[in-house]
Amino acid sequence: MGRYWAVGVCMVAITLIPRFALGNLVEWSFYEGDPHVAAAREAVAAVPDGVVVEAVNHVGPALTSRTTVLLWGPVARDAPWIVADVDRWSFPFGAHELQRQRVDEALRSGYRPVFERDGYIVLNRPS
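Computed from a predicted structure; not experimentally measured.

**Describing the overall build of the protein**
Helix and strand counts for the protein come out as five helices and five strands. Ordered by position in the sequence, the α and β elements of the protein form the string α-α-α-β-α-β-β-α-β-β. The C-alpha radius of gyration computed for the protein amounts to 22 Å, which surpasses the reference 14 Å derived for 127 residues by more than 25%, pointing to a less compact arrangement than a globule. Here the protein holds 127 residues, and the buried ones make up 31% of them. Considering only intrachain contacts with a sequence separation of at least 6, the fraction spanning at least 24 residues in the protein is 47%. On the protein, roughly 8,200 Å² of surface is accessible, and the fraction owed to carbon and sulfur atoms is 62%.

This is how it looks when you write it as structure tokens:
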């Protein structure tokens, strides 16, 4: 009787896999990765070592081992490099539209785009 019960439980578990998060494991798209994450990696790679950079909150940690990172926010901190994300709201901005405005202000003040993909923009102010 115990053997039948164990087989029954296993069958129920197998049929429930697609209905829960583990169901993603059997889909190829799960292993392809998110294009947004790939763009974030490329944006980080566009920033040279040893510089001061204002970085969007969720990208800053990837830069801390090789640069001096300041939080990119509504107030300019005069860093020569900026890594911004204008597609998704990010702390400490009060509204998503303010992020695009901040990038536009930086472009007007002399920064030039170095990288742009999937909402990520890397800006540099030439010396």
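Moving on from the model shown.
**What to know about the nonpolar core**
Generally speaking, soluble globular proteins have nonpolar side chains that are buried together. Among the nonpolar cores identified, the biggest contains 26 residues, and Val59, Leu63, Val83 and Tyr120 are the most heavily contacted of them. When contributions to this core are tallied by element, the ones reaching two or more residues are helix H3 (35-45), strand S1 (52-55), strand S3 (81-85), helix H5 (96-108) and strand S5 (120-124). Not counting residues up to four positions away in its chain, the partners in contact with Tyr120 are His36, Ala39, Ala40, Ala43, Val56, His58, Val59, Ala84, Asp85, Arg88 and Phe115.

**Quick look at the packing of aromatic side chains**
The full count for this structure, using the stated rule, is one aromatic pair. Seen from their ring centres, Trp72 and Phe93 are 4.6 Å apart, and the 55 degrees between their planes marks the pair as tilted. A residue pair is termed long-range when its members are at least 10 positions apart, and Trp72 in the loop between strand S2 (68-71) and S3 and Phe93 in the loop between S3 and H5 qualify at 21 residues.

**Observations concerning the pairing of strand S4 (residues 112-117)**
Judged from the five bridges that link them, S4 and S5 form a sheet pairing that is antiparallel. The partner of Phe115 across the bridge, within S5, is Val122. Hairpin remark: S4 followed by S5, antiparallel, with two residues in the connecting loop; positive phi at Asp118, about 50 degrees.

**Here we look at the pattern of salt bridges**
Summed over the entire model, instances satisfying the criterion amount to six salt bridges. Residues Glu42 and Arg117 are paired through a salt bridge, measuring 2.2 Å at the closest nitrogen-oxygen approach. Taken together, the residues Glu42 in helix H3 and Arg117 in strand S4 connect sequence positions 75 residues apart. With relative accessibility at 37%, the residue Glu42 sits in the partly exposed group. Since its relative accessible area comes to 30%, Arg117 is described here as partly exposed.

Definitions and cut-offs
Residues numbered from 1 in each chain as written. Predicted model: local features only at pLDDT ≥ 70, side-chain atom pairs only at ≥ 80, totals over all residues. Heavy atoms only, no water. Helix = DSSP H or I, 4+ residues; strand = E, 2+ residues; numbered from the N terminus. Rg over C-alpha atoms; globule rule 2.2 N^0.38 Å. Buried < 20%, exposed > 50% of the residue type's maximum accessible area, 1.4 Å probe, protein only. Contact = heavy atoms within 4.5 Å. Areas by Shrake-Rupley, 256 points an atom, 1.4 Å probe, with all protein chains shown as cover. Core = buried A, V, L, I, M, F, W, Y, C linked by side-chain atoms within 4.5 Å. Phe/Tyr/Trp six-rings, centres within 6.5 Å; stacked < 30°, edge-to-face > 60°. Pairing = 2+ DSSP bridges. Salt bridge = Lys/Arg side-chain N within 4 Å of Asp/Glu carboxyl O.

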